[in-house]
Structure formats: C-alpha cells, structure tokens
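Here are the chains, one letter per residue:
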Amino acid sequence: MKIKATLVGISAVLALTAGLAGFSGTATADPTKPSASPAASPAAAPADQRPTVKTTAGPEPVVARPAYTG
Amino acid sequence: MRTNLLRTAAAATLAFLLAGCVSSASSAVRREPAAGASSASSAVRREPATGASSKIATVKGSRITVYGNKEGVAQRTITSPNAYGAARVFLVERDEGAWLQVLLPIRPNGSKGWIKATDVTLAETAYRVEIDRGAFRFTVYDGDRAVRTGKVATGEAGTPTPPGRYFFTELVKPVDQGGAFGAYAFGLSGFSPVLKSFAGGPGQLAIHGTNKPSAIGTRASHGCVRVSNDDITWMANNLAIGTPVVVKG
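So, how was this worked out
- Within every chain, residues take consecutive numbers counted from 1 along the sequence as written.
- Throughout, the order in which chains and ligands are written sets their labels, letters from A for the former and numbers from 1 for the latter.
- Since the coordinates come from a predicted model, pLDDT governs what is reported: local features require at least 70, and pairs of side-chain atoms require 80 or more to be given and counted, while whole-chain, interface and lining totals use all residues.
- Per the convention used, a helix needs a DSSP run of H or I reaching at least four residues, while a strand needs a run of E reaching at least two, with both numbered from the N terminus.
- Partly exposed residues are those falling between the two cut-offs: more than 12 but fewer than 20 other C-beta atoms within 10 Å of their own, whereas 20 or more means buried and 12 or fewer means exposed, with C-beta atoms placed from the backbone.
- We call a set of buried Ala, Val, Leu, Ile, Met, Phe, Trp, Tyr and Cys residues a nonpolar core when their C-beta atoms link them within 7 Å.
- A pair of residues counts as a contact when their C-beta atoms, built from backbone coordinates, are within 7 Å of each other.
- The quantity called pLDDT is the predictor's confidence in a given residue, expressed from 0 to 100.

**Q** Hey, could you run me through the overall build of chain B in this one?
**A** What chain B contains, in helices and strands, is 2 helices and 17 strands. Per-residue burial over chain B gives 35% buried out of 249 residues.

In structure tokens:
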C-alpha cells in the first residue's frame, strides 16, 4: 500500500513538472513577438510602398493647332 | 475508496500532462505565422523597383513649386495644365519618398528639379521610346522587349534634333489632319538648340506624323522627329503622357 502511495506521489510530481514546463513554453515564446513586429513597420520604406497606377492605354488627345518645330 | 482515489489522481495527472503538451505545441504554432509574416513583409519592402519601368508624376493642383534641392529652396513655379491644356506631368528620375527628382520641360534640355511627392499622383509605365538618329529608326520597348520599330526623319544639319533624354508632355490631334504634323503629335520636354521660337511656339520638339512620307529616312525637319501616320497612331493608342524618350546616335 505504501509502495502504491509512493508511486502515485512520484508520478504526480513528475506530471506537475512536465505540465509546468509546457506552460512555461508559452511564456518564453511571447517575448519574441515584439522583435518581429518592428521589422514590419510601413514607415521604413515609403517610396517602395507608395501606390502607383500602371498606365495601360493611350491618353485622350487635345485637339489643337500644334506649334512644334515640325 | 482507495482505488477511486488512485484513479482520480491518475486521471488528473494525465489531464495536466496533456494540457502542458498542448500548450507547448500551440505556442510553437503561434510563433510560426509571426515569423512568416515578418519575413514576407520584409521581402516586399526590400523588393527593388523594376529597372525597366518609369514613374510619371502628374500635378494635382493648378501649380507646383519646383525646388533646387531637398532643403526646400524654391526654384520656380510651374502651372498645370500646360499651354496645350494637358495635365502637367514630369518624368521621375529619383524617388526618395517624400521628395522626387524630376526631369523638367524647360530650357536648357535635361534640366532637373525636386518636387514634393504630396503635390503629385504617380503612375508607372514600362514603355520607352528610343530614337537612333544615325539609323533613322525608332524603337518602342515594353520593358526589355521591342514592340514596335520604324523609320524616322530627323532635323536638318542647320536645325538638328538634339540628343538627350526627354518625355512626352502632351498628345495633340492637329486641327488640320492633312497638315505637316500628320495624324497626331506628341510634344516632347526638349527644345531646339537653334530655334528659340518657331511658328508661334517656343521651339519645342515633338514626335509627329507627316504629310510627306517620302521624307522619312532623311534629315528633313526643323528638329522634330517625324514618323509615319500609322506609327504615330499606334503610339497615340499605346503610350502615355510622360513616357520617356531617348534620342541618341
């Protein structure tokens, strides 16, 4: 009977240790997040991220009497 | 009773163990997307602009201040629309975010200035036109691919077509469709080095059609580049105001 109680006690301690180790994994993973987010900051490269329109067709012509060098 | 206690203790132990494992696994999964998003975003930011495309800046308001440098020293004010009634555009030579260095449609040819990016809207084109004076030939490129080529007439010896880098400033459909300018004329940002004024204008260069197709392939103009009416019509249908034009040879 004592042996059984001892075994249960040991397994409970082991389980508690394993469980705590698992939970503590979350805590160590979280601090890595902030270091990742500054790299995604959009203010770093405004020229690359500014939207531009792709021109596809010709423009509407102006009807006029040209004064070029001909 | 003791058996029940033992069973309960064993079940609680198992549940706690499982909880620990799941928590550990979920923390690993959560980390992956964060790392993935970060690297994808960095990849977008670092992606270089394609060397084959050009940026065209169109003025938003009725005038724009051009600066001599990025410290904000005003150089001149340019109005929009231009003398032909077309929206004022510039070819962007350098994009530094808040500031753009642009090629200006003024004398001397090749003049540059800085404008504020907030004063313009930006568009992009992969097209460019190259004029080879020696070969009397034009070629339109879409990126690195030649999509149209044909013969041209250039300036006579006394009124040459000056080499340089320009851009289209406006597209004009001449009132007189049978006249010397042919079906269409694209004004250029450059000017004749000889003629300070011509036919009531400031000596501005252009690429245009013709009513004398036999002169194409020769030095025949006062500085403009003449192409066939078929070629200028194709350009009018496909090329944007602001498209870069390089005259060489």
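**Q** Would you mind showing me how to read the nonpolar core here?
**A** If you look at soluble globular proteins, the nonpolar side chains tend to sit buried side by side. Residues and elements named next belong to chain B. Of all hydrophobic cores here, the largest spans 53 residues; its most connected members are A57, I115, F186 and V245. At 5 residues, strand β12 (residues 164–174) tops the list of elements feeding residues into this core. Setting aside residues up to four positions removed in sequence, A57 forms contacts with V89, F90, V92, L100, V102, I115, V120 and L122.

**Q** Would you mind going over the confidence of the model for chain A with me for this structure?
**A** Taken as a whole, chain A shows an average pLDDT of 57; of its residues, 26% reach a score of 70 or greater. Averaged pLDDT values for the elements of chain A fall to 35 in helix α2 (residues 32–36) of chain A and rise to 97 in strand β2 (residues 62–64) of chain A.

**Q** I would appreciate a short explanation of the environment of B:S189 in the present structure.
**A** Residue and element names in this part refer to chain B. Looking at where S189 falls in the secondary structure, it is placed in strand β13 (residues 185–191). Residues S189 and D231, 42 residues apart in the sequence, show an inter-C-alpha distance of 20 Å. Setting aside residues no more than four positions away along its own chain, S189 makes contact with L103, P105, Y166, F167 and T169.

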